[in-house]
Structure formats: C-alpha cells, structure tokens
Amino acid sequence: MESPRIVATAARIVRDLGIAEEIAQDALVAALEEWPRTGVPERPGAWLTATAKHRAVDLVRRRETYARKLAEVGRALTEESYDPEPFGPGDIDDDVLRLIFTACHPVLSAGARVALTLRLVGGLRTDEVARALLVPEATVAARITRAKRTLAKAGVEFEVPYGEERAARLGSVLEVVYLIFNEGYAATSGDDLLRPGLCEDGLRLARVLAALAPGEGEAQGLVALLELQASRTAARTGPDGRPVLLADQDRRRWDRLLVRRGFAALERAGDPRGYGPYTLQAAIAACHARAASYEETDWALIAALYGRLGTVAPSPVVELNRAVAVSRAEGPAAALPLVDALAADPSLARYHLLPSVRGDLLARLGRAAEARAEFVRAADLTRNASERALLLGRARAAEPGGRRLPGGS
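Residues numbered from 1 in each chain as written. Predicted model: local features only at pLDDT ≥ 70, side-chain atom pairs only at ≥ 80, totals over all residues. Heavy atoms only, no water.

Description of the overall build of the protein
The helix and strand tally for the protein stands at 19 helices and two strands. Nonlocal contacts in the protein, meaning residues at least 24 apart in sequence, comprise 65% of its contacts between residues at least 6 apart. (Helix = DSSP H or I, 4+ residues; strand = E, 2+ residues; numbered from the N terminus. Contact = heavy atoms within 4.5 Å.)

Next comes the structure, spelled out in structure tokens:
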C-alpha cells in the first residue's frame, strides 16, 4: 500500500526509478529487522518513507558532492523524522503524480508505460500486472526491466509536464489510472474481491487529472466512470466478504453522492457523439445507476453502447460484455454464439470470465451439466479466492436439485 509513495519519494532524490525501487525494498527490509525489536511505529508508512528518503540522501552523498546535489534538489533533502501523513480525498501526492507521468514518458512504448506504472504506482506484482494486461508474465517482466533502463539512459526528469507535453502523455496516464482502479475493484488474486486502497488511489488520481485537464473529455469520462463504479462498492460483497452479483445487489447501499458526482462528470465530458472509450464505459455505468432495479435496466441501450465501444476501442473483453448485455436484452440463445466465437481468441484462453459468462448462459438455457463444467473451469482459472468460492457455488447450484443462481454482469 505504501510502495508508490516510498518509490516516488526516493525517485525524486535519486532520479532513477530502478534505484528508487531498490531503496524502497531496502526500507522494508530495515522495518522487518527493526520492528520486531522496537515495535511497529504509530505511523508505519511515514517511517518507511522517511527511511527510504534517508537512504536516498546517503546514496546521493556517496555519489556526488553533497552541496552540489543539495542545490539541485533543494528542500527535498531536508531530514525531518517523518513526512506529513497523507491524504484527504481531494488531495494529491505530488511525488506520486510525478512518478506516474515519468513512467508514462513518450520514450517508452505504450505497453511498457502501462506495465511500469502498474508495478511502481499500483504496487502490483509482476504476475498481477500480467493478469491485468492479459499477457504472459515473462513479457511483462521484460517490459518493466527495459523501461527502467530506457528512462535511466534517456535521463528523463522526475516531473509533472505542462502544456503540449502533458497533453501528449495524458492518454497513457488515463489508461494506467483506469487499470489501477480496476485491479482494486476486482482483484486478480488474493482472498478478497476488493482492494479498496487501489480503488481510492485510482479515483483520487482520476479526479486530479480531470482538474488538470478540464477541457479533456476523456479525463472527465474516466472520473465519471470511476465515481459510478465506486458507488457500488459497499453492495458488491456480503457480510461474509463473498461477492454479490449485480442482479442481487441492494441498490439502496449504492453511494448516491458518488452517483451524483459521476453524472456531473459525465455531463462535463461533452457531446455524446464524440465519446471516447472511458466516456462510453461511464455511459454504460450510468445506465445501471439510473435503473431502480436489475430488471428495469435498459439492456438494449447498454448493448448498443458496447457496440460503439467495440468500434472505438476493439477488444475481446468488450465483445464479451456486449454478449452479456445482448443476453439480457434478447435472451441467452442470442448471446451464446457471440460468446462461442470468442473462445478461439488466444488473449482470453485463461480469462476466467469467458467460461463464467458461458456457464451463466447455459444455465439459463437449462443445459445444467454443461453450465456446471464451465463454472468449474472458471473457478480453476481465477486466482481470487472470493471469486473462486462464488463460481464453485454456482457450479453446485447447476447440479440436479441445485438452486440456480441468477447471472451477473
């Protein structure tokens, strides 16, 4: 949870992301050695950040004359015991924002920007980044390593750009913030469905980016999408922590303040005819937020919006979501061929939601044995314990005499 701030603080001083990450790891090792003897400090995050800062300063002192480096980084090298404890919902950690824009520098390929920022800012392990991007883990590891070397070789400044340079990097930054939030909203691994810290970081950064670029429709669209998605958080898990399907959620638990904020941001996004991928997804989320119940949702409009999204940003995952909407608007028989057509796509070979959706369609068509097999396959593919329990429950419900569970979206 504290990793992005620690890495960002160190990077501001040493101007090298690879070295900054090593310093952050050293700070954690120091904590593991010292805390068992002295006890966990009152503000462990601040302790780790201060330790990383001190080690970064020591490294600078060893490398160059301290006075010259001090003049370069100025007051950043003051040696107070602890940094101020962040942050309010509307605040922004300037170091983390600098870290994002640095990792999204144009000198890197688009794939490298996303992988590096998810690793450094999102705090995800390499396998989690690979899962989020639907690419092999080895590919992600190579991208991250090359990206660090490229930034160091190019001497990229650790800063938030302005003017045209900021506009050129904004698209990559929006994508990264979107993926960070998504990993928090539906964790790829672990025991819990949600990682609230990542959701909060993603939403906070989206709000800041929207304020930095008030005339950028996609920045407004992204913040609208995340506000609307975050509004459902309390209803997405039950008292036991298990996932609650959209059809079964108590909509009275949806955060109406976040819904209103999402609608307002969607209005700021501009003309619907010019919506980009994030704004189209926000419009889909708005359809759910406007519906008083699952049954009253305008599924035909959602299917049409997914159709537009598939044109603007083609993706097999978009097509899978469109198939779900078609199944609700026209019935499962109309959607099953759409899902079957995606089975040959290699990027979805280990994507657990493909067999999950197919299982739901088969269950609704009364093909219980086939549905059960798909739910078991989906459970085998997911690495999230909460999702696995839900999918195995649906598999049991599909057995003869089992209680059929409603489908999700």
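Following the structure, the description resumes.
Description of the nonpolar core
Counting residues in hydrophobic clusters, the biggest one holds 125 residues, and the most contacted among them are Val 14 and Leu 116. Top element by residues in this core is helix α9 (residues 163-185). It accounts for 10 residues. With residues up to four places along the chain from it excluded, the contact list for Val 14 reads Ile 19, Ala 20, Ile 23, Ala 56, Leu 59 and Val 60. (Core = buried A, V, L, I, M, F, W, Y, C linked by side-chain atoms within 4.5 Å. Buried < 20%, exposed > 50% of the residue type's maximum accessible area, 1.4 Å probe, protein only.)

Comments concerning the confidence of the model for the protein
For the protein, per-residue confidence averages 85 on the pLDDT scale, and residues scoring 70 or more make up 89% of the total. When the criterion is pLDDT under 50, residues 79-92 qualifies, and its contacts beyond four places in sequence or with other chains add up to 33 contacts. Predicted confidence for residues 403-409 stays below pLDDT 50, and this span has 28 contacts to residues more than four positions away or in other chains. (pLDDT = per-residue confidence, 0-100.)

Looking at the pattern of salt bridges
Considering all chains together, one arrives at 18 salt bridges under this definition. With a shortest N-O distance of 3.0 Å, Asp 250 and Arg 252 are connected by a salt bridge. You can call Arg 252 exposed: its relative accessible area is 75%. Note that Asp 360 and Arg 328 form a salt bridge whose closest N and O atoms lie 3.7 Å from each other. Pair noted here: Asp 360 is in helix α17 (residues 353-364) and Arg 328 is in helix α15 (residues 316-330), with a separation of 32 residues, a long-range link. Given the relative accessible area of 24%, Arg 328 is considered partly exposed. Members of the salt-bridge network, linked through shared partners, are Arg 125, Asp 127, Glu 128 and Arg 383. (Salt bridge = Lys/Arg side-chain N within 4 Å of Asp/Glu carboxyl O.)

Thoughts on the packing of helix α7 (residues 126-133) against helix α8 (residues 137-154)
When two helices pack together, their arrangement is captured by the angle between the axes and the distance separating the axes. Closest axis-to-axis distance for the α7/α8 pair is 8 Å, and the angle between their directions is 110°. The angle between the axes of α7 and α8 places the two elements in the roughly perpendicular class. Every pair of crossing elements has a handedness; the one defined by α7 and α8 is right-handed. Residues Thr 126, Asp 127, Val 129, Ala 130 and Leu 133 of α7 pack against Glu 137, Val 140, Ala 141 and Arg 143 of α8. Classifying every residue of the contact of α7 with α8 by side-chain character gives five nonpolar, one polar and three charged. (Axes fitted to C-alpha atoms, helices over the stretch in contact; angles between N-to-C directions. Parallel < 35°, antiparallel > 145°, perpendicular 65-115°, else oblique. Left-handed = near helix turned anticlockwise from the far one by under 90°. Nonpolar A, V, L, I, M, F, W, Y, C, P; charged D, E, K, R; others polar.)

Observations concerning the packing of aromatic side chains
Within this structure, the stated rule accounts for four aromatic pairs. Between Trp 35 and Trp 47, the aromatic rings sit 5.3 Å apart at their centres with planes inclined by 70°, giving edge-to-face as the arrangement. You can see Trp 35 sitting in helix α2 (residues 17-38) and its partner Trp 47 sitting in helix α3 (residues 44-63), a full 12 residues away along the chain. Note on Trp 47: relative accessible area 12%, which makes it buried. Above the face of the Trp 254 ring, Arg 232 is positioned so that its terminal group lies 5.6 Å from the ring centre. Geometry around Phe 263 places Arg 290 over its ring, the cationic atom sitting 5.0 Å from the centre. (Phe/Tyr/Trp six-rings, centres within 6.5 Å; stacked < 30°, edge-to-face > 60°. Lys NZ or Arg CZ within 6 Å of the ring centre and 35° of its normal.)

Observations concerning the packing of helix α12 (residues 256-268) against helix α13 (residues 277-290)
The geometry of α12 relative to α13 is characterised by a closest axis approach of 10 Å and an angle of 140° between their N-to-C directions. Here α13 runs oblique to α12, going by the angle between their axes. Here α12 runs over α13; the crossing is left-handed. On α13, the residues that touch Arg 256, Val 259, Phe 263 and Leu 266 of α12 are Thr 279, Ala 282, Ala 283, Ala 286, Ala 289 and Arg 290. Across the contact of α12 with α13, the residue classes tally to seven nonpolar, one polar and two charged.

Notes on the side chain of Gln 220
Along the chain, Gln 220 falls in helix α11 (residues 217-230). Owing to a relative accessible area of 3%, Gln 220 belongs among the buried residues under this scheme. Here Pro 214 takes part through its backbone oxygen, which lies 3.5 Å from a polar atom of the side chain of Gln 220. With residues near it in sequence (within four places) discarded, Gln 220 still touches Ala 210, Ala 213, Pro 214, Ala 265, Arg 268 and Ala 269. (Polar contact = N/O pair within 3.5 Å; in protein donor to acceptor, adjacent residues only side chain to side chain.)

A short note on α17
Taking 1.5 Å per residue, 12 residues should reach 16 Å; α17 reaches 16 Å between its end C-alpha atoms and fits that length. Counting buried positions along α17 yields nine of 12 residues, so the element is predominantly enclosed. Those residues of α17 lying buried are Leu 354, Pro 355, Ser 356, Val 357, Gly 359, Asp 360, Leu 361, Leu 362 and Ala 363. Its buried side turned inward, α17 meets α15, α16 (332-342), α18 (368-381) and α19 (385-397). Gly 366 sits one or two positions beyond α17 and adopts a positive phi of about 85°. (Expected span 1.5 Å × (residues − 1).)

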